[in-house]
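What follows is the residue order along each chain.
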Amino acid sequence: MTETTITAVLVGKAAPFGPPGRTSAIAKSPVDGPRAVGPEGFLDDEQADRRVHGGPDKAIHHYPMDHHPAWRDELGAEVPLLGQPGAFGENLATLGLTEVDVCVGDRFRAGTALLEVAQARQPCWKLNHRFAVPDMAKRVQTTGRTGWYYRVPEPGQIGPGDRLTLVERPYPHWTLARLLHVLYVDTQNREALAEMAALPVLAQTWRTLAERRLTQGVEDWTKRLNGGD
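Keep in mind the model is a prediction, meaning the values are calculated, not measured.

Here we take up the overall build of the protein. The helix and strand tally for the protein stands at seven helices and 13 strands. With the principal axes as the frame, the protein shows a C-alpha extent of 50 × 40 × 35 Å. Every one of the 229 residues in the protein was classed for burial, and the buried ones make up 52%. Expressed as a percentage of contacts within the protein between residues at least 6 apart in sequence, the contacts between residues at least 24 apart total 74%. Accessible area of the protein: about 10,300 Å², with a carbon and sulfur share of 52%.

Tallied over the entire structure, the rule returns twelve salt bridges. When the shortest N-O distance is used, the salt bridge between Glu-3 and Arg-163 registers 3.4 Å. In this pair, Glu-3 sits in strand E1 (residues 3-11) while Arg-163 sits in strand E13 (residues 163-168), placing the two residues 160 residues apart along the sequence. The class for Glu-3 is partly exposed, based on a relative accessible area of 39%. Across the pair Arg-145 and Glu-74 runs a salt bridge, and its minimum N-O distance is 2.8 Å.

A few words now on the nonpolar core. The nonpolar side chains of a soluble globular protein tend to be buried, and buried together. Counting 42 residues, the largest nonpolar core has Ile-60, Leu-115 and Ile-158 as the members making the most contacts within it. Contributions of two or more residues to this core are made by E1, strand E9 (107-110), strand E10 (113-120), strand E11 (148-154), E13, helix H4 (176-184), helix H5 (190-197) and helix H6 (204-216). Among the elements that take part in this core, H4 stands out by supplying six residues, more than any other. Apart from the residues lying within four places of it in its own chain, the contact partners of Leu-115 are Ile-60, Leu-92, Asp-106, Arg-107, Phe-108, Ala-110, Tyr-150, Arg-151, Val-152, Pro-153, Ile-158 and Leu-164. Ranked by size, the runner-up nonpolar core spans 16 residues in total, among them Trp-71, Leu-75, Val-79 and Leu-127.

Moving on to the sheet that holds strand E12 (residues 156-158). Strand order in the open sheet made by the three strands is E6-E5-E12, with antiparallel pairing throughout. Edge positions in the open sheet fall to strand E6 (41-42) and E12, since each of these has one partner strand only. Where strand E5 (residues 35-38) lies against E12, three bridges are found, and the strand directions are antiparallel. If you follow Ala-36 over to E12, its bridge partner there is Gln-157.

According to the stated counting rule, one finds five aromatic pairs in the structure shown. Aromatic pair Tyr-63 and Phe-88: ring centres 4.0 Å apart, planes at 15°, arrangement stacked. Linking Tyr-63 in strand E7 (residues 60-64) with Phe-88 in the loop between helix H1 (68-75) and strand E8 (92-94), this pair joins segments that are 25 residues apart in sequence. Looking at Tyr-63, the relative accessible area reads 0%, which means it is buried. Assessed through its relative accessible area of 1%, Phe-88 is described here as buried. Residues Phe-108 and Tyr-150 carry aromatic rings whose centres are separated by 6.2 Å and whose planes lie at 75° to one another, so their mutual orientation is edge-to-face. In this pair, Phe-108 sits in strand E9 while Tyr-150 sits in strand E11, placing the two residues 42 residues apart along the sequence. Phe-108 sits in the buried class, given a relative accessible area of 0%.

The subject of this paragraph is the pairing of E13. Bridging between E1 and E13 involves three bridges; their strand directions are antiparallel. Pairing of Glu-3 across the sheet is with Thr-165, part of E13. Of the strand pairs in this sheet, E9 and E13 are connected by four bridges, and their pairing is antiparallel. Paired with Arg-109 across the bridge in E13 is Thr-165.

Reading the values: the criteria
- Residues numbered from 1 in each chain as written.
- Predicted model: local features only at pLDDT ≥ 70, side-chain atom pairs only at ≥ 80, totals over all residues.
- Heavy atoms only, no water.
- Helix = DSSP H or I, 4+ residues; strand = E, 2+ residues; numbered from the N terminus.
- Buried < 20%, exposed > 50% of the residue type's maximum accessible area, 1.4 Å probe, protein only.
- Contact = heavy atoms within 4.5 Å.
- Areas by Shrake-Rupley, 256 points an atom, 1.4 Å probe, with all protein chains shown as cover.
- Salt bridge = Lys/Arg side-chain N within 4 Å of Asp/Glu carboxyl O.
- Core = buried A, V, L, I, M, F, W, Y, C linked by side-chain atoms within 4.5 Å.
- Pairing = 2+ DSSP bridges.
- Phe/Tyr/Trp six-rings, centres within 6.5 Å; stacked < 30°, edge-to-face > 60°.

This is the structure:
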C-alpha cells in the first residue's frame, strides 16, 4: 500500500508578486498543527487569481520534496528556496511519492480528510519570478516534476506528521507521469487523448483540453509559461 508521512502543511495569503499590479499566494508558510480542510482547500489558505487557481479540482496542491535534489543539481544550490517545503507554493510536502507513483483518481486518507487526485499541475510564469529563473515554469513542465492537485470528497483536518495513505486506485494505468507525457511530450497521441477526455475523475478542464486538442491541435503554452496579457 502506498503510504508516506506529511512533512509539512502550508498555507498563505495573497500578496503583491512579480510585475506591478499582480498578486499571488504562492508564498506559503508551514503550520504547526492540524488545519481544517474543505471542498475549496484549507480554510486559512488563499489563491489570488481564482480564474486559474483554487476551486474544487485544485483544492490542495502537493509537491514532492523528492524533486529538490534534482533541481539543486540542475540550477545550483544558490537558487533560493530549493530544499524548503513550500518552495513551489504547495500545501502539502512529502518524501516518498512522485508523479510516477500517483494516479489520477487515487484516493488518500490524510489526517481525518479524504483526498482525491484530480489533475497534475500546469506550471505558470509565477514560478519564473519565484525562483528568479526566467524559464523555471518551462523546466517544471519539461521535466514532469510538477506536483499535483487534490479535490476533497470528505472534509476534515490535516496536520504535519499525519500519514498519507492510499485507500483506492480506480485508474492504475493513468499515472500522473503518463498524463504529463501525453500532455507535453506525446502531444498528438489521439488514442491517449480520447482516453483522457473520457476519464471521469480527471478535472474537467483537462478533459476539455484533451477534447480540443483532438479537433484543434496543440494549444499555445506561451502565455502560461512566460506571462503577459
